[in-house]
Amino acid sequence: MYIWQADFYRRPQTDTAEQVLWELLICDETRSFEYEATCPQQEANGSWVTSQIQLAAIDKLPDIIQVFRPQSLGLIQQAGQNLGISVEPTRRTFALKQWLQEKHYPISPDKPPPVPLPEKLWGEQWRFATLPSGDLEQVFRHRPIPILQMPEFLLPINLGLASTLPVPGVIIYGGRQSMRLARWLQQVHPVALNYLTGAPDGLVLEAGLVDRWIVATFEDQQVGAAAKVYEHRKQQCQGLHFLLVQPDDSGMTDSGFWLLQD
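Sequence order sets the numbering: in each chain, residues are counted from 1 along the sequence as written. Totals for whole chains, interfaces and linings use every residue, but because this is a predicted model, local features are given only for residues with pLDDT of at least 70 and side-chain atom pairs only at 80 or more, for both listing and counting. Note: side-chain values were computed over all heavy atoms of the structure, leaving out hydrogens and water.

Asker: Got a minute to help me understand the overall build of the chain in this structure?
Answerer: When helices and strands are tallied, the chain shows seven helices and 14 strands. With respect to the three principal axes, the spread of C-alpha positions in the chain is 65 × 40 × 35 Å. Note on classification: 1.4 Å probe, protein chains only; a residue is buried when its accessible area is under 20% of the maximum for its type, exposed when over 50%, partly exposed between these limits. Residue burial in the chain is summarised as follows: out of 262 residues, 50% are buried. Here the accessible surface of atoms and residues is derived via Shrake-Rupley with a 1.4 Å probe, and residues count as covered only by protein chains that are part of the display. Here the chain displays about 13,500 Å² of accessible surface, and carbon together with sulfur accounts for 49% of that area. Under the counting rule used here, the positive set is Lys and Arg, the negative set is Asp and Glu, and His together with the chain ends is not counted. Charge coordinates come from a single atom per side chain, which is NZ of Lys, CZ of Arg, CG of Asp or CD of Glu. Between the averaged position of the 21 positive side-chain charges in the chain and that of its 29 negative side-chain charges there is a distance of 4 Å. Here a strand is any run of E in DSSP of at least two residues, a helix any run of H or I of at least four, and the numbering for each starts at the N terminus.

Next up, the structure:
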């Protein structure tokens, strides 16, 4: 599978005629391949992006182009449709973001305020949990879980985590809504589940490119203390954590499991 990462966005600099420039950056996952091109704002359209991808490809078009910036997605998707290339929205364009940082370009898209989880998806209960790093893959990889997301690059062994290190997570007991909740989560593409202090405190799901959902709110001091421990453990695990959806606390049935990372 040949994968590119791409960004097409308005840049701080202008040309000699003081025209606003848009810049296309393309690289592969190791940055052994890099391509860049600029155009005036009035030429920034799907046709221009299509032609540049063809120029960048030389002999071989990619199978997938990954895009992290919402403002870039539409035009790159249009180019992908023109060329028969799949375009994948994802925040995990690590090589491309490293390149942008080196250029001192912004890489943090504006995020909307979090919105409540749809009422029809509310679970019955939830709690914090931990599992030893060394047990995480063994426990869930071979269980009959309808929706299972354990990317190779997020496996504890590939992050170099000690096998005894506790990996934090959140378990949601969804009751009759358990599978509906799991399917909805699969559609929005979970990225991270973060504790935010406020009035009240809450758990916010980061999903998709910039989506944010309020999963739970609480004012209880003990729950708040547990949430701080949860965040501390995330830091010890390079941001690794998990989300597990089950119908109930019997441990007999799982609906969905996701490995996540800030």
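Asker: What exactly am I supposed to notice about the UniProt feature "domain: RNA-binding protein Tab2/Atab2 C-terminal" (unreviewed entry) in the chain here?
Answerer: In this structure's numbering, the residues bearing the UniProt feature "domain: RNA-binding protein Tab2/Atab2 C-terminal" (unreviewed entry) are residues 107-261. Across residues 107-261, helical content stands at 26% and strand content at 36%; the span's end C-alpha atoms are separated by 17 Å. UniProt positions are given in the numbering used here, feature names are shortened, and annotations may be inferred rather than shown by experiment.

Asker: So what exactly am I meant to see when it comes to the confidence of the model for the chain here?
Answerer: Close inspection of predicted coordinates is inappropriate for parts of the model with low pLDDT. Scored between 0 and 100, pLDDT is the confidence that the predictor attaches to each residue. On average, residues of the chain carry a pLDDT of 93, and 98% of them reach 70 or more. At the low end of the mean pLDDT range in the chain sits strand S1 (residues 3-14), at 88; at the high end sits strand S4 (residues 64-67), at 98.

Asker: Honestly, the packing of aromatic side chains in this entry has me stumped. Any pointers?
Answerer: For any pair of aromatic rings, the description rests on two quantities: the centre-to-centre distance and the angle between the ring planes. Two aromatic rings, drawn from Phe, Tyr or Trp (for Trp, its six-membered ring), form a pair once their centres lie within 6.5 Å of each other, and the interplanar angle then sorts them: stacked below 30 degrees, edge-to-face above 60, tilted otherwise. Tallied over the entire structure, the rule returns 13 aromatic pairs. Pairing Trp4 with Phe33 gives two aromatic rings, centres 5.1 Å apart and planes at 20 degrees, and the pair type is stacked. Here Trp4, found in strand S1, pairs with Phe33, found in the loop between strand S2 (20-28) and strand S3 (34-40); they are 29 residues apart in sequence, far enough to count as distant. On the basis of relative accessibility, which here comes to 1%, the residue Trp4 falls in the buried class. Judged by its relative accessible area of 17%, Phe33 is buried. Their ring planes at 45 degrees and their centres at 5.7 Å tell us that Trp126 and Phe218 sit as a pair that is tilted. Within this pair, whereas Trp126 is found in strand S7 (residues 125-132), its partner Phe218 is found in strand S12 (residues 211-218), the two being separated by 92 residues in sequence. Residue classification places Trp126 among the partly exposed residues on the basis of a relative accessible area of 27%.

Asker: Looking at this structure, how should I read the nonpolar core?
Answerer: Where a protein is soluble and globular, its nonpolar side chains tend to be buried together. Within the largest apolar cluster, 26 residues are counted, with the highest numbers of intra-cluster contacts made by Trp4, Phe8, Ile26, Ile53, Ile65 and Ile76. Secondary-structure elements contributing two or more residues to this core are S1, S2, S3, helix H1 (46-57), S4 and helix H2 (70-83). Any pair of residues with heavy atoms lying within 4.5 Å of one another is described as a contacting pair. Other than its neighbours up to four places away in sequence, Trp4 contacts Ile26, Cys27, Phe33, Ile53, Ala56, Ala57, Lys60, Pro62, Ile64, Ile65 and Gln66. Counting residues in hydrophobic clusters, the runner-up holds 24 residues, among them Phe128, Val170, Trp184 and Val245. We define a nonpolar core as any set of buried Ala, Val, Leu, Ile, Met, Phe, Trp, Tyr and Cys residues linked to one another through side-chain atoms lying within 4.5 Å.

Asker: Any chance you could explain the packing of H1 against H2 here in plain terms?
Answerer: Packed helix pairs are characterised by how far apart their axes lie and by the angle those axes make with each other. Between N-to-C directions, angles cover 0 to 180 degrees, with each direction set by a line fitted to C-alpha atoms, over the stretch in contact for helices. For the pair H1 and H2, the least separation of the axes is 8 Å and the interaxial angle reads 60 degrees. When the axis of H1 is compared with that of H2, the two are oblique. Considering how the two elements wind past one another, H1 and H2 form a crossing that is right-handed. Contacts from Gly46, Ser47, Val49, Thr50, Ile53 and Gln54 of H1 reach H2 at Leu75, Ile76, Gln78, Ala79, Asn82 and Leu83. Tallied by class, residues from the contact of H1 with H2 come to six nonpolar, six polar and no charged. Note on angle classes: values under 35 degrees are labelled roughly parallel, values over 145 roughly antiparallel, values of 65 to 115 roughly perpendicular, and the remainder oblique. The crossing is said to be left-handed when, going from far helix to near helix, the turn is anticlockwise and less than a right angle, and right-handed when the turn is clockwise. Three classes are used, and their members are as follows: Ala, Val, Leu, Ile, Met, Phe, Trp, Tyr, Cys and Pro are nonpolar, Asp, Glu, Lys and Arg are charged, and the others, Gly among them, are polar.

Asker: Looking at this structure, how should I read the sheet that holds strand S13 (residues 240-246)?
Answerer: The strands that make up a sheet pair up through hydrogen bonds in the backbone, lying either parallel or antiparallel. Across the sheet, which stays open at both edges, the five strands sit in the order S7-S9-S13-S14-S8 with mixed pairing between neighbours. Of all strands in the sheet, those with a lone pairing partner are S7 and strand S8 (147-149), marking the two edges. Taken pair by pair, the neighbouring strands of this sheet meet at an average axis angle of 20 degrees, ignoring direction. The sheet contacts of helix H4 (residues 133-141) involve S7, S8, strand S9 (166-173), S13 and strand S14 (256-261), and relative to S7 the element is tilted by about 115 degrees. The rule for pairing is simple: two strands pair if DSSP sees at least two bridges between them.

Asker: Please clarify how the sheet that holds S12 should be interpreted in this entry.
Answerer: The strand order across the open sheet built from four strands is S6-S12-S11-S10, with neighbouring strands paired in mixed fashion. A strand with exactly one partner marks an edge of an open sheet, and here the two such strands are strand S6 (115-116) and strand S10 (190-196). Across six bridges, S10 lies against strand S11 (residues 201-207) in antiparallel orientation. Within the sheet, the bridge partner assigned to Pro190 lies in S11 and is Ala207. Of the strands in this sheet, S10, S11 and S12 touch helix H6 (residues 178-188), which is tilted by about 55 degrees from S11. In the packing of helix H7 (residues 221-236) onto the sheet, the strands contacted are S10, S11 and S12, and the crossing angle to S10 comes to about 135 degrees.

Asker: Could you clarify how one ought to interpret the pattern of salt bridges in this entry?
Answerer: Pairing is possible between side chains that carry opposite charge, provided their charged atoms lie close to one another. Just to be clear on terms, a salt bridge is a Lys or Arg side-chain nitrogen sitting within 4 Å of an Asp or Glu carboxyl oxygen. Evaluation of the coordinates by the stated rule reveals 15 salt bridges. Here Arg141 makes a salt bridge to Glu152, at a shortest N to O gap of 3.6 Å. Placement of the pair is Arg141 in helix H4 and Glu152 in the loop between S8 and helix H5 (156-159), with a sequence separation of 11 residues. Its salt-bridge partner being Glu231, residue Lys234 comes within 3.1 Å of it at the nearest N-O pair.

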